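# A closer look at the structure
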Amino acid sequence: MRIVAEVGSFGARILHFRRGGSSGQAMAALKTMSVLHTVSSGTRRLVPPSPCLLPFLQGFNGTRSGNRLLGAGCWPKLFHHATWCSRIRADAGVVVSDASEKEFQSGAFVDGFLGVQSEEAGRELTTSEIIFLGTGTSEGIPRVSCLTNPDKSCPVCLAAAQLGNKNRRRNTSLLVRYLAPDGSLYNILIDAGKFFYHSALQWFPYYGIRKIDSVIITHAHADANGGLDDLRDWTNNVQPHIPIYVGLRDLTVMAKSHYYLVDTTVIMKGTAVTKLQFIPMSEEPFQVHGLKVTPLPVWHGPGYRSLGFRIGDVCYISDASEIPAETYPLLENCDLLILDALRPDRSSSTHFGMPAALEEVRKIRPKRTLFTGMMHTMDHHKINTFLAKLLESEGLDVQLSFDGMKLPIHL
Ligand SMILES: [Zn+2]
Ligand SMILES: [Zn+2]
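This one's a predicted model, so the numbers in the text were calculated from it and none came from an experiment.

The omega torsion of the bond from Ile141 to Pro142 falls at 5°, within 30 degrees of zero and hence cis. Relative to the assigned elements, Pro142 resides in the loop between strand 6 (128-134) and helix 6 (144-148). Unlike most non-glycine residues, Lys152 shows phi in positive territory, near 50°. Mapped onto the fold, Lys152 is located in the loop between helix 6 and helix 7 (155-160).

Here's what the structure looks like:
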């Protein structure tokens, strides 16, 4: 059994059970999927209960690659149904990939399905945890321009377009799931950037995340706050409002960039915009649902401040080119450092490159480090292989994070 195709900018995917895959395997797979209910690979019949998948399948109808991939003559009734062929051909970025049986069994393949819940979704948390909703730089990985480049010269973006590949990265964002002493669970989001909707679309159903109790903003760039408008789905349909903790200087910027969210008096009556409660913060520690959050001021380019945050012994710094002297004491005795590392060779004017980020790790000496904010020159497996050697040579435990990564933390 192999997974052979995925379609669409939203990451919706098709699974195809090749001839030869047993119906037992297919049925086992279906237990993890909410979209398809019945596939019988033995008779090559597909009975999708949800019309939402049909247009995606139709996108392959009659195309050479479709016939090759799905098997000409396979499921003819499905492919010739006229109502299914409306729109998906225009959905850019059709990607063909093979995923291994191992990936399939691990559940990595389901990450692009709309609304798919994993087994994680129903579980009850016994400890707080963090989930990386995004680990990439502003334009996202893969870059569209790398996929359309006729030279096909960017191996990382080509890999990132593959099913379940860890080079696929959206804007940096971290979800802290805080299990309070009284047993209440709070979902605290750090940043909602331009790709927030896509991150949430993939990971909220996957991990069974329903509400957003608070958002904390690192700085006023679009890849950190460009998704605030999309929170309307939550405030219209899940909860009455969302508190947004934001630095005063960033709130001043957002009063221009997000004027109708900050000053709701300008909204036309009856318009359903997201209901946010902006709470200005200084660089002093503050409480969110009883959890202490300590801002970690850093330079994100000359003269421009961004905030990292310390929660328990986890320190998160997604956008930094320099750490000022006064911030180092706040980073002492850090169990997990999550740090900006844009590219393998050098820093930019606004972000640490990997050499500078590693120098910071040597200074700060956390127990463990995960890099974030990587651009398309950071190949997940190659860089991690390189970094793994530092554990032997220097005792540095450093790796790249990836979208969807989940870790338990103690708060
Ligand atoms: Zn690229
Ligand atoms: Zn930024």
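Take the sheet that holds strand 6 next. Across the sheet, which stays open at both edges, the seven strands sit in the order 11-10-9-8-7-6-19 with mixed pairing between neighbours. Across the chains shown, the open sheet's two edge strands, defined by having one partner strand only, are strand 11 (276-281) and strand 19 (406-409). Strand after strand, the sheet turns through a mean of 25° between neighbouring axes, direction not considered. Examined bridge by bridge, strand 6 and strand 7 (residues 173-179) share five bridges and lie antiparallel to one another. Across the sheet, residue Ile130 finds its bridge partner in strand 7, namely Val176. Along the sheet, helix 8 (residues 196-207) makes contact with strand 6 and strand 7, crossing strand 6 at roughly 140°.

Okay, the sheet that holds strand 15 (residues 314-317) next. As summarised here, the arrangement of the seven strands in space is 12-13-14-15-16-17-18, forming an open sheet in which the pairing is mixed. Two strands bound the open sheet, and with one partner strand each, they are strand 12 (286-288) and strand 18 (398-400). With direction set aside, neighbouring strand axes in the sheet form an average angle of 25°. Summarising the sheet, strand 12 and strand 13 (residues 291-299) pair through three bridges and their orientation is antiparallel. Across the sheet, residue Val288 finds its bridge partner in strand 13, namely Leu291. Each of strand 16 (336-340), strand 17 (368-372) and strand 18 touches helix 13 (residues 354-364); the most contacted strand, strand 16, lies at about 155° to it.

The sheet contact formed by strand 7 and strand 8 (residues 185-190) spans six bridges and is antiparallel. Bridging from a neighbouring strand, Val176 pairs with Ile188 of strand 8. Hairpin geometry of strand 7 and strand 8 is characterised by an intervening segment of five residues between the two adjacent antiparallel strands and by a positive phi of about 90° at Gly183. Following the chain from strand 8 across helix 8 to the adjacent parallel strand 9 (residues 214-216), one finds a crossover that is right-handed.

What follows concerns the environment of His300. With respect to the helices and strands, the residue His300 is situated in the loop between strand 13 and strand 14 (305-311). In this structure His300 comes out as buried when scored by C-beta crowding, with 25 C-beta atoms within 10 Å. For His300 and Phe352, which are 52 residues apart along the polypeptide, the C-alpha to C-alpha distance reads 9.0 Å. Setting aside anything within four residues of it in sequence, one finds His300 in contact with His219, Arg305, Ser306, Asp319, Ala320, Ser321 and Thr350.

The next subject is the pairing of strand 16. For strand 16, a buried count of four out of five residues is recorded, marking the element as mostly surrounded by other parts of the structure. With four bridges connecting them, strand 15 and strand 16 associate as parallel partners. Each residue of the ladder has a partner; that of Tyr316, found in strand 16, is Ile338. Pairing between strand 16 and strand 17: five bridges, direction parallel. Its bridge partner lying in strand 17, Leu339 is registered against Phe371.

The rules behind the values
- Residues numbered from 1 in each chain as written.
- Chains lettered and ligands numbered in written order.
- Predicted model: local features only at pLDDT ≥ 70, side-chain atom pairs only at ≥ 80, totals over all residues.
- Helix = DSSP H or I, 4+ residues; strand = E, 2+ residues; numbered from the N terminus.
- Pairing = 2+ DSSP bridges.
- Axes fitted to C-alpha atoms, helices over the stretch in contact; angles between N-to-C directions.
- Contact = placed C-beta atoms within 7 Å.
- Right-handed = clockwise from strand over helix to strand, strands pointing away.
- Buried ≥ 20, exposed ≤ 12 C-beta atoms within 10 Å, placed from the backbone.

The analysis is restricted to geometry; functional conclusions fall outside its scope.
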